[in-house]
Amino acid sequence: MRYYPVNLDIQGRSCLVVGGGRVGARKVKTLLQCGAVVTVVSPEMTSDIAGLAAAGKITLEQRPYQSSDVKGRFLVIGATDDEVLNQRIHADAERLGLLCNIADRPAICNFTLPAIVRQGDFVMAISTAGKSPAFAKYIRQQLETQFGPEYGTLLDLMGAIRTRLLAEEHAPEVHKPLFEQLIHEDLLGLVRDGDSHRIDRLLERVLGPGFVFDELMSANRLPGE
């Protein structure tokens, strides 16, 4: 493999996007979904970028890029169609040892962005090492038909169960066979069917009394949801 697969925690980290067009807007939205603190530098922008800036969700610098813009960033993304500018962004980021991706230019990236299938916290990444983004997109579309929202729901349920078990001072090493039994007995299928009564019976049989689907799921919801 040329690339080392990794899931990157950018929560609260300063990220720069150079370019306010359609591609830049997509990059910004994904960064925000992951909790990044995003600054966009671009003389022009889409209405999406302008709207995010007006709502205070990003910092917008409506001007041409300057080399000093990369200082203090954790991650830099170039999303322009100016090849000279793209090379400059890459060189500036490399000089400071920063993570840098130039959209659709894998030769001047030190990491690439895979196509992703996402259902809540359940995420699958598809990479072709930059050789065929079109094929990665095709595979993503195929996988999206196979992995529905029940996968995200199942993951939330498993996380809530794990939190409850840890709070009850269960030894972490005993969790694995419990989770394996739940999966083996098709908890996923019950979640897909929305059969909360059978889910509750399965949870009680495997985990004991007090594990109720609706209560466990409510623990994952933020106030006001």
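Keep in mind that what you see is a predicted model, and the values were worked out from it rather than measured.

Further remarks concern the packing of aromatic side chains. Applying the stated criterion to the full structure yields 4 aromatic pairs. Considering the side-chain rings of Phe135 and Tyr138, the 6.1 Å spacing of their centres and the 20 degrees angle between planes classify their relative orientation as stacked. Taken together, the positions of Phe135 and Tyr138, both in helix H4 (residues 133-146) and 3 residues apart, correspond to about one turn of that helix. The class for Tyr138 is partly exposed, based on a relative accessible area of 42%. Members of the aromatic cluster, each reached through a chain of ring pairs, are Phe122, Phe147 and Tyr151. Arg13 extends its terminal NZ or CZ atom over the ring of Phe74, reaching a point 4.3 Å from the ring centre. Sitting over the ring of Phe211, Arg164 keeps its end group 5.2 Å from the ring centre.

Partitioning the chain into domains gives domain 1 (1-113), domain 2 (114-147) and domain 3 (149-220). Measuring from the centre of the C-alpha atoms in domain 2 to the corresponding centre in domain 3 gives 27 Å. Taken together, the contact pairs 5 residues of domain 2 with 5 residues of domain 3. Regarding the contact of domain 2 and domain 3, the summed buried area is about 480 Å², with carbon and sulfur atoms giving 69% of it. Inspection of the domain 2/domain 3 interface yields 0 salt bridges. Between the two partners, domain 2 and domain 3, sit 0 residue pairs in polar contact (both at pLDDT 80 or more). In terms of residue class, the side of domain 2 that touches domain 3 is built from 2 nonpolar, 2 polar and 1 charged.

Thresholds, definitions, all that
Residues numbered from 1 in each chain as written. Predicted model: local features only at pLDDT ≥ 70, side-chain atom pairs only at ≥ 80, totals over all residues. Heavy atoms only, no water. Phe/Tyr/Trp six-rings, centres within 6.5 Å; stacked < 30°, edge-to-face > 60°. Helix = DSSP H or I, 4+ residues; strand = E, 2+ residues; numbered from the N terminus. Buried < 20%, exposed > 50% of the residue type's maximum accessible area, 1.4 Å probe, protein only. Lys NZ or Arg CZ within 6 Å of the ring centre and 35° of its normal. Domains from an automatic or database assignment. Contact = heavy atoms within 4.5 Å. Buried area = accessible area lost by both parts, 1.4 Å probe. Salt bridge = Lys/Arg side-chain N within 4 Å of Asp/Glu carboxyl O. Polar contact = N/O pair within 3.5 Å; in protein donor to acceptor, adjacent residues only side chain to side chain. Nonpolar A, V, L, I, M, F, W, Y, C, P; charged D, E, K, R; others polar.

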